[in-house]
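Descriptive analysis of the structure
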Amino acid sequence: MIIPTLRQLQYLVALGETGSFSRAAEACHVTQPTLSAGIKELEDLLGVKLAEREPRGAKLTHAGELAVARANALINDAHSLVQSVQSAGALLTGPFHLGAIPTIAPFVLPATVRALSEQYPDLKLYLHEEKTPRLIDQLRTRTLDAALIALPWDVPGIEMLPLFDDEFLFAAPAAHPLARKNGLSPEDLSGENLLLLEDGHCLRDHALSICRMKTGSGTDQVAATSLGTLVNMIAGGLGVSLLPKLATDNGLNIGPDVAVREFVNPVVGRQIGIAWRTGSPREADARKIGEIVKAYTRH
């Protein structure tokens, strides 16, 4: 009897999770024709149609949904087999793929990687920097073993461990009146040109929530691609913003043209956590990495 390969099953699972042949191929690190051919071979082998192409993607048939449910179990078993053989029960050995969002990665990973390399020399760590939705997709498709993100995120099939709170600080040009104001509060930002990161960064939404603002015309026209760019925009006198203390305490370059101040009542802007796939054989590893992030990061 000819049976499906794990690779064919991975293609089908990725298609079911992404709803797109192109995105599934990207998640599996293959070309779209390769993925399409693999799924066609699987359909021929099983003698049933598993997916239907649609104008805006693809949809699994009923048979395809049943196949994905069983395929997930088989793939998890295969991952567990590989992990158990490679590690032989040891913690943090072998390859581990860790993701992080751009507003966390530069400020957490350097110290974390150093600590891991010293304490777990048999660990082969691969780092990936993406925005949260992409990291979640990669956890689901098993491209990542764990990811450092800003909570909360309520995602079925993904478990999350909170690590620590991240305070928000006020940032403005050094000569700005609010840079010298006593008793600074988020309400003082009302009417100011609030500079933000571009759409897709969860830090943008956290900042707007803290200030109880909706995106205005100024923030629509000018948005930063990174925290470093945001600091440069503040230094250039384009407006004020909120910066995570995690970044200011762990290497974000802030020159003398920018004033950074705490609010009179500390403002917790976000919670930093680590996420992994429910049932992952690397859960213990993810939890241990979370402990190290918490221990070796200034916050």
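Everything in this summary refers to the structure shown in the same document. Being a predicted model, the structure only gives us computed values, none of them experimental. (Residues numbered from 1 in each chain as written. Predicted model: local features only at pLDDT ≥ 70, side-chain atom pairs only at ≥ 80, totals over all residues. Heavy atoms only, no water.)

What follows is about the layout of surface pockets. Its volume calculated, the largest pocket comes out at about 610 Å³. Forming the boundary of the largest pocket are 27 residues, of which Gln10, His79, Arg142, Thr143 and Asp145 lie nearest the centre. Going through the elements one at a time, helix H1 (6-18), helix H2 (21-28), helix H4 (62-87) and strand S3 (94-100) are the ones with two or more residues in the lining of the largest pocket. Looking at the lining of the largest pocket residue by residue, the classes come out as 12 nonpolar, nine polar and six charged. (1 Å grid on protein atoms, 1.4 Å probe; cavity = no way out; pocket = protein on both sides within 12 Å on 5 of 7 lines; lining within 4 Å. Points joined across faces, edges and corners; volume = space filled by probe spheres on them. Helix = DSSP H or I, 4+ residues; strand = E, 2+ residues; numbered from the N terminus. Nonpolar A, V, L, I, M, F, W, Y, C, P; charged D, E, K, R; others polar.)

Running from N to C, helix H5 (residues 105-119) and helix H11 (residues 283-296) cross one another at 120°; their axes reach a closest spacing of 9 Å. What the angle tells us is that H5 and H11 run oblique. Once H5 is placed against H11, the crossing between them reads as right-handed. In this structure, H5 uses Val108, Ala111, Thr112, Ala115, Leu116 and Gln119 to contact H11, whose residues at the interface are Ile289, Ile292, Val293 and Tyr296. When its residues are assigned to classes, the contact of H5 with H11 shows eight nonpolar, two polar and no charged. (Axes fitted to C-alpha atoms, helices over the stretch in contact; angles between N-to-C directions. Parallel < 35°, antiparallel > 145°, perpendicular 65-115°, else oblique. Left-handed = near helix turned anticlockwise from the far one by under 90°. Contact = heavy atoms within 4.5 Å.)

For the structure on display, the rule yields one aromatic pair. Between the NZ or CZ atom of arginine 53 and the centre of the ring of phenylalanine 21, over which it lies, the distance is 3.9 Å. (Phe/Tyr/Trp six-rings, centres within 6.5 Å; stacked < 30°, edge-to-face > 60°. Lys NZ or Arg CZ within 6 Å of the ring centre and 35° of its normal.)

Let us now look at H5. For H5, spanning 15 residues, the distance from its first C-alpha to its last is 20 Å, which sits close to the expected 21 Å at 1.5 Å a residue. All of the buried residues in H5 are Ala105, Phe107, Val108, Leu109, Thr112, Ala115 and Leu116. Seen from one end, H5 has its buried residues packed into an arc of 160°, which puts them on one side. The outward face of H5, more than 90 degrees from its buried face, is lined by the exposed residues Arg114 and Glu118. The secondary structure elements touched by the buried residues of H5 are S3, strand S4 (123-129), strand S5 (146-151), helix H9 (227-235), helix H10 (245-249) and H11. (Expected span 1.5 Å × (residues − 1). Buried < 20%, exposed > 50% of the residue type's maximum accessible area, 1.4 Å probe, protein only. Arc of directions from axis to C-beta.)

Its place among the elements puts serine 241 in strand S7 (residues 241-244). Given a relative accessible area of 2%, serine 241 falls into the buried group. In this view, serine 241 contacts Leu169, Phe170, Ala171, Leu194, Leu195, Leu230 and Ile234; residues no more than four positions away in its chain are not counted. There is a polar contact of 2.8 Å between the side chain of serine 241 and the backbone oxygen of leucine 195. (Polar contact = N/O pair within 3.5 Å; in protein donor to acceptor, adjacent residues only side chain to side chain.)

Turning our attention to unusual backbone geometry. For the bond running from leucine 151 to proline 152, omega is 5°, close enough to zero to count as cis. Here the phi dihedral of leucine 92 falls at roughly 55°; this positive angle occurs in a residue that is not glycine. Position of leucine 92 among the secondary structure elements: in the loop between H4 and S3. With relative accessibility at 1%, the residue leucine 92 sits in the buried group. Unusually for a residue other than glycine, arginine 142 sits at a positive phi of about 70°. Topologically, arginine 142 is positioned in the loop between helix H6 (132-140) and S5.

This part is about the packing of H2 against helix H3 (residues 32-46). Interhelical geometry of H2 versus H3 gives an angle of 100° and a closest axis separation of 8 Å. The angle between H2 and H3 falls in the class roughly perpendicular. On the side of H2, the interface is formed by Phe21, Ser22, Ala24, Ala25 and Cys28, while H3 contributes Gln32, Leu35, Ser36 and Ile39. Split by residue class, the contact of H2 with H3 holds six nonpolar, three polar and no charged.

Attention shifts here to the pairing of strand S6 (residues 158-173). Regular strands place their side chains on alternate faces of the sheet. Bridge count for S6 against strand S9 (residues 267-277) is 10 bridges, and the pairing is antiparallel. Residue pairing in the sheet places aspartate 165 in a bridge with glutamine 271 of S9. Here S6 runs beside S7; their pairing, made up of four bridges, is antiparallel. Within S7, the residue paired with phenylalanine 170 across the bridge is leucine 242. (Pairing = 2+ DSSP bridges.)

Here we take up the pattern of salt bridges. Applying the stated rule across the entire model yields eight salt bridges. Across the salt bridge formed by aspartate 188 and lysine 181, the nearest N and O atoms sit 3.5 Å from each other. (Salt bridge = Lys/Arg side-chain N within 4 Å of Asp/Glu carboxyl O.)

By themselves, these are just geometric observations and shouldn't be taken as functional.
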